[in-house]
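# Observations on the model geometry
Spelled out from the first residue to the last, the chains are:
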Amino acid sequence: MTSIAKLLRGTDKEFFDLFERAGQNLARAALLLDEMLAEYPERRALAEDILGCERDGDQITHEIIRRLNQTFVTPIDREDILQLASALDDIVDYTEEVADYLGLYRIEAPMDQAQRLAGVLRSATREIECSIPLVRGFKDISEHTVEVHRLENEADRIVREAIASLFEVGIDPMVVIRWKDIFERLENAIDSTERAAYILEGIVIKNA
């Protein structure tokens, strides 16, 4: 029997369209960062393309909020819409900050751990991108979210290894500070994918 909650659920599906656009955009930003770090500094110009993704992400977030303010009955809880929009936007913001800091700090060559973290971020964003269309129909996304959690754990190990390597004898303290900032933002970007995964899981559970 159809529940009252399902009968009252809004039919406006444009929110899902916007979330799918956000998923595609954040996956593209992470892909560009991975390519940038893999061939840095030769491909440092990709920072401009990543900045473009960050601006596109802001526009999508603003459109989600604008539509939320104009819609009385939404297809999922309003709080979930706001939290998911915020988490997806954070992923792109932190990704762009990494690219920006590489230039601001005049990094000459990437650390191996930074390249590995960019690869982890790329994989995690791909899982988020694949999850969002499934949420439209409140389908099982556990295959994707479990992988995001695994990738976040892998990133934690890489970050610990990276921070430890920065404090080896003889490394310039300014280099330590700069790379620590970059690693923190890579970690924040990956943590944001896990936050998005939890929110997506919650949406499916509440609406299935």
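Preceding block: the structure.
Okay, so let's go over this structure.

### Regarding the environment of E147
By the secondary structure assignment, E147 is in helix α6 (residues 142-166). Separated by 19 residues in sequence, E147 and I128 have C-alpha atoms that sit 9.8 Å apart.

### Quick notes on helix α4 (residues 78-104)
Note that an α-helix has 3.6 residues per turn; residues three or four places apart therefore point the same way. In this model, α4 (27 residues) spans 38 Å end to end at C-alpha, consistent with the 39 Å of a helix rising 1.5 Å per residue. Positioned one or two residues after α4, R106 has a phi angle of 50°, which is positive.

### With respect to the packing of helix α2 (residues 14-38) against helix α5 (residues 112-136)
With their axes 8 Å apart at the nearest point, α2 and α5 run at an angle of 165° to one another. Taken together, α2 and α5 sit at an angle that is classed as roughly antiparallel. Crossing angle aside, the handedness with which α2 passes α5 is left-handed. Classifying every residue of the contact of α2 with α5 gives 15 nonpolar, five polar and six charged.

### Examining the pattern of salt bridges
Considering all chains together, one arrives at 16 salt bridges under this definition. Salt-bridge contacts for R122 lead to D34; the nearest nitrogen and oxygen are separated by 3.0 Å. Residue R122 is located in helix α5, and its partner D34 is located in helix α2; the two are separated by 88 residues in the primary sequence. Relative accessible area serves as the criterion here: at 38%, R122 is assigned to the partly exposed category. The salt bridge partner of D80 is K206, with a shortest N-O separation of 2.7 Å. Within this pair, whereas D80 is found in helix α4, its partner K206 is found in helix α7 (residues 173-207), the two being separated by 126 residues in sequence. Under the relative-accessibility criterion, K206 is labelled partly exposed at 49%. Each of the salt bridges in this network shares a partner with another, and the network as a whole consists of D17, E20 and R136.

Procedures and definitions
- Residues numbered from 1 in each chain as written.
- Predicted model: local features only at pLDDT ≥ 70, side-chain atom pairs only at ≥ 80, totals over all residues.
- Heavy atoms only, no water.
- Helix = DSSP H or I, 4+ residues; strand = E, 2+ residues; numbered from the N terminus.
- Expected span 1.5 Å × (residues − 1).
- Axes fitted to C-alpha atoms, helices over the stretch in contact; angles between N-to-C directions.
- Parallel < 35°, antiparallel > 145°, perpendicular 65-115°, else oblique.
- Left-handed = near helix turned anticlockwise from the far one by under 90°.
- Nonpolar A, V, L, I, M, F, W, Y, C, P; charged D, E, K, R; others polar.
- Salt bridge = Lys/Arg side-chain N within 4 Å of Asp/Glu carboxyl O.
- Buried < 20%, exposed > 50% of the residue type's maximum accessible area, 1.4 Å probe, protein only.

Functional significance is not addressed by these values, which are geometric in nature.
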